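A look at the structure
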Amino acid sequence: MTASKFFRSRANHPLTRALTAFQLAAHRHPRRVSAAVLVLLGGSAVTAFGVAPLAALPEATPPAVTQLTEPVTSPLLTVQIQALEDATLPLWRSDVTRHADTVDSLLKRLGVDDMVAAQFIRNDPVAGTLLQGRTGKSVKVEAHDGRLMRMVVRGPADTTSDFDTHFVRLTVERVSDAAGERFETRRELVPLQVTERMASGTIRSSLFAAADAAGIPDSVTTQIAEIFGTDIDFRRELRQGDAFSVLYESYLADDEPVTWTGSAGRVLAARFINQGKAHNAVWFQEAGRKGAYFDLTGRSKNRAFLASPLAFSRVTSGFAMRFHPIHKTWRAHLGVDYGAPTGTPVRSVGDGVVSFAGWQNGYGNVVHIQHAGDRTTVYAHLSRIDVRRGERVDQGSRIGAVGATGWATGPHLHFEFKVGGRHVDPMTIARAAESLQLSPQALAQFRQSATVIAQRLDMADDRQTAGVTGTPRFE
Ligand SMILES: [Zn+2]
């Protein structure tokens, strides 16, 4: 049994390719992949406390997709550049596109002062797509004395179906032949490469700050917070010195990490040490079922209730409550307040039926949801309501948006959790909630694998104790 059993891909999912990469790697190098997971789960005490910002896996796995390696340099251009190199070195610069960019501002930032090139890029139907769509595209230019020789732009695929598998490479090239000098353009849809990357961090101010220091993209940080959402209350329980390690899929475009947002793969395994207690999560997919994260004993990290009605994000995690709660004069405060900008999506923490959606004094716009087991959740002060009374809602589905309606002095979500009509701490409920179960066969398979991992975990711990890898220490 190897770690490959942990990573089964779904047949018709964008992640299939990425997970298949892991499976392929696992198939070819089962021991090495196991070691990778081991390093993550067992050796994270070292990596987590060290200051190494970003450790690529020592056992680099082969990419699933063969990179399209079409040379972009035309022979003519090469000759031209070589001739020029005797006089002055051509200038290479790179940057990423920004929200307010124009062709002129972008070229200026890249050290290009070339009115003819700028005009061409603005008017050419292919080159003109440079600033369309998402920002954060990678732009590389080769210029000589401010004249544009070549520009290569890498950005996301336009279609949703290609977004997680391909990128668009746009090339503008100065060519010169008997017909004279002109620009030629090319637009290619090229497969992204996928690699697995391990990173670790230690909390000093916030989870996002630690993730930034480790070069972890926001989407991965968000996944970490969601995966451990029922273990750790990231608003109240995070401590300085808490640490994490994560193994995740990373996308590359022409061997460089993608610069645009939204392109980071799934977390494959992670460990979070909160106040000295380690929490583990490993992605596992049972044939024919949705994949999920499990702890090392096979207990699903998915629960009947989410810990928070707001998705964890850079915005919601950093938004401080800058107002004094009005509730002291309203009633005993029997809920949890989440400061967040107006319009932040609010989600149902569990499956249920909307029992009320409308206006109530004090609460403003409010939604009540009835869940199984005589449990009710309340979401108040909403700026908008997206559900109707009697409507069935799934866990995580959007029911409205944060606002300041009713008796609220600033935008926030007031959230209540009641069991049999009695108010309870939502985090307590989330932790105690029933978890989704694997079938008996899958559970047996998972446990067998987990045992192997646990044994290796122990070995890694022994090595640490023996001082082979140094002793981790809190600050
Ligand atoms: Zn409140």
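Below is a summary of the structure that appears in this document. The residue numbering used here restarts from 1 in each chain and proceeds along that chain's sequence as written. Two thresholds apply to this predicted model, a pLDDT of at least 70 for residue-level local features and 80 or more for giving and counting side-chain atom pairs, whereas whole-chain, interface and lining totals are computed over all residues. Computation of side-chain values: all heavy atoms of the structure, hydrogens and water removed.

1. Digging into the pattern of salt bridges
Heads up, the rule is: Counted as salt bridges are all cases of a side-chain nitrogen of Lys or Arg within 4 Å of a carboxyl oxygen of Asp or Glu.
Going through the model one piece at a time under the given rule, you end up with 21 salt bridges. A network of salt bridges, in which partner residues are shared, links R154, R169, E173, R186, E188 and D254.

2. As for the nonpolar core
How we decide: Think of a nonpolar core as a cluster: buried Ala, Val, Leu, Ile, Met, Phe, Trp, Tyr and Cys residues, connected wherever their side-chain atoms sit within 4.5 Å. Here's how the labels work: a residue is buried when its accessible area is under 20% of the maximum for its type, exposed when over 50%, partly exposed in between, all with a 1.4 Å probe on protein chains only. Labels follow the DSSP assignment, with helices taken as runs of H or I lasting at least four residues and strands as runs of E lasting at least two, numbered in each case from the N terminus.
Ranked by size, the top nonpolar core spans 25 residues in total, and within it I216, F228, V246, V267 and F272 carry the most contacts. Elements with a minimum of two residues in this core: helix 8 (207–213), helix 9 (218–227), strand 8 (243–253), strand 10 (267–274) and strand 11 (277–284). Grouped together as the second largest cluster of nonpolar side chains are 21 residues, Y379, L413, F415 and A433 included.

3. Topic: the packing of aromatic side chains
To keep things clear, this is the line we draw: Pairing of aromatic rings covers Phe, Tyr and Trp, the last counted by its six-membered ring, and requires centre-to-centre distances within 6.5 Å; plane angles under 30 degrees mean stacked, over 60 mean edge-to-face, and any other angle means tilted. Placement of a positive charge over a ring is assigned whenever Lys NZ or Arg CZ falls within 6 Å of the ring centre and within 35 degrees of the normal to the ring plane.
Considering all chains together, one arrives at 13 aromatic pairs under this definition. Residues F284 and F446 carry aromatic rings whose centres are separated by 5.4 Å and whose planes lie at 75° to one another, so their mutual orientation is edge-to-face. With F284 in strand 11 and F446 in helix 13 (residues 440–465), this pair connects stretches of sequence that are 162 residues apart. Here the two residues F284 and F446 agree in accessibility, since each one is buried. Directly above the ring of W283 sits R266, whose terminal nitrogen or CZ lies 3.7 Å from the centroid.

4. A look at the sheet that holds strand 2 (residues 91–96)
Our working definition: At least two DSSP bridges between two strands are required for those strands to pair. Here the axes come from fitting lines to C-alpha atoms, over the contacting stretch only for helices, and the angles between their N-to-C directions go from 0 to 180 degrees.
The five strands are arranged 2-3-4-5-6 in an open sheet whose pairing can be described as antiparallel. Edge positions in the sheet fall to strand 2 and strand 6 (180–191), since each has one partner strand and no second. Going from strand to strand, the sheet's axes swing by 15° on average, the running direction of each strand aside. The pairing of strand 2 with strand 3 (residues 138–144) spans six bridges and is classified as antiparallel.

5. A closer look at the environment of R266
Relative to the assigned elements, R266 resides in the loop between strand 9 (256–257) and strand 10. Residue class for R266 comes out buried when judged on its relative accessible area of 16%. Residues R266 and L247, 19 residues apart in the sequence, show an inter-C-alpha distance of 8.9 Å.

6. Here's the deal with the pairing of strand 20 (residues 398–401)
Bridge analysis of strand 14 (residues 345–347) against strand 20 gives three bridges, and the strand direction is antiparallel. Paired with P345 across the bridge in strand 20 is A401. Two strands pair when backbone bridges link them, and strand 18 (residues 384–385) and strand 20 are joined in this way by two bridges, in the antiparallel orientation. Looking at the pairing, I385 lines up with G400 of strand 20.

7. Examining helix 6 (residues 115–123)
Definition in use: Note that the arc is computed from the directions linking the helix axis to the C-beta atoms. The criterion used for residue contact is that any of the two residues' heavy atoms lie within 4.5 Å. Under the rule applied, a polar contact is a pair of N or O atoms within 3.5 Å (in protein, one hydrogen donor and one hydrogen acceptor; residues adjacent in sequence only if both atoms are side-chain atoms).
Listing the buried residues of helix 6 in full gives A117, A118 and I121. Projected down its long axis, helix 6 shows its buried positions confined to an angular sector of 100°, all on one face. Every exposed residue of helix 6 that faces more than 90 degrees away from the buried side is listed here: M115, V116 and N123. At its buried positions, helix 6 is contacted by helix 5 (103–109), strand 4 (147–156) and strand 6. N-cap assignment for helix 6: the residue whose side-chain oxygen lies 3.3 Å from the backbone N of V116 is D114.

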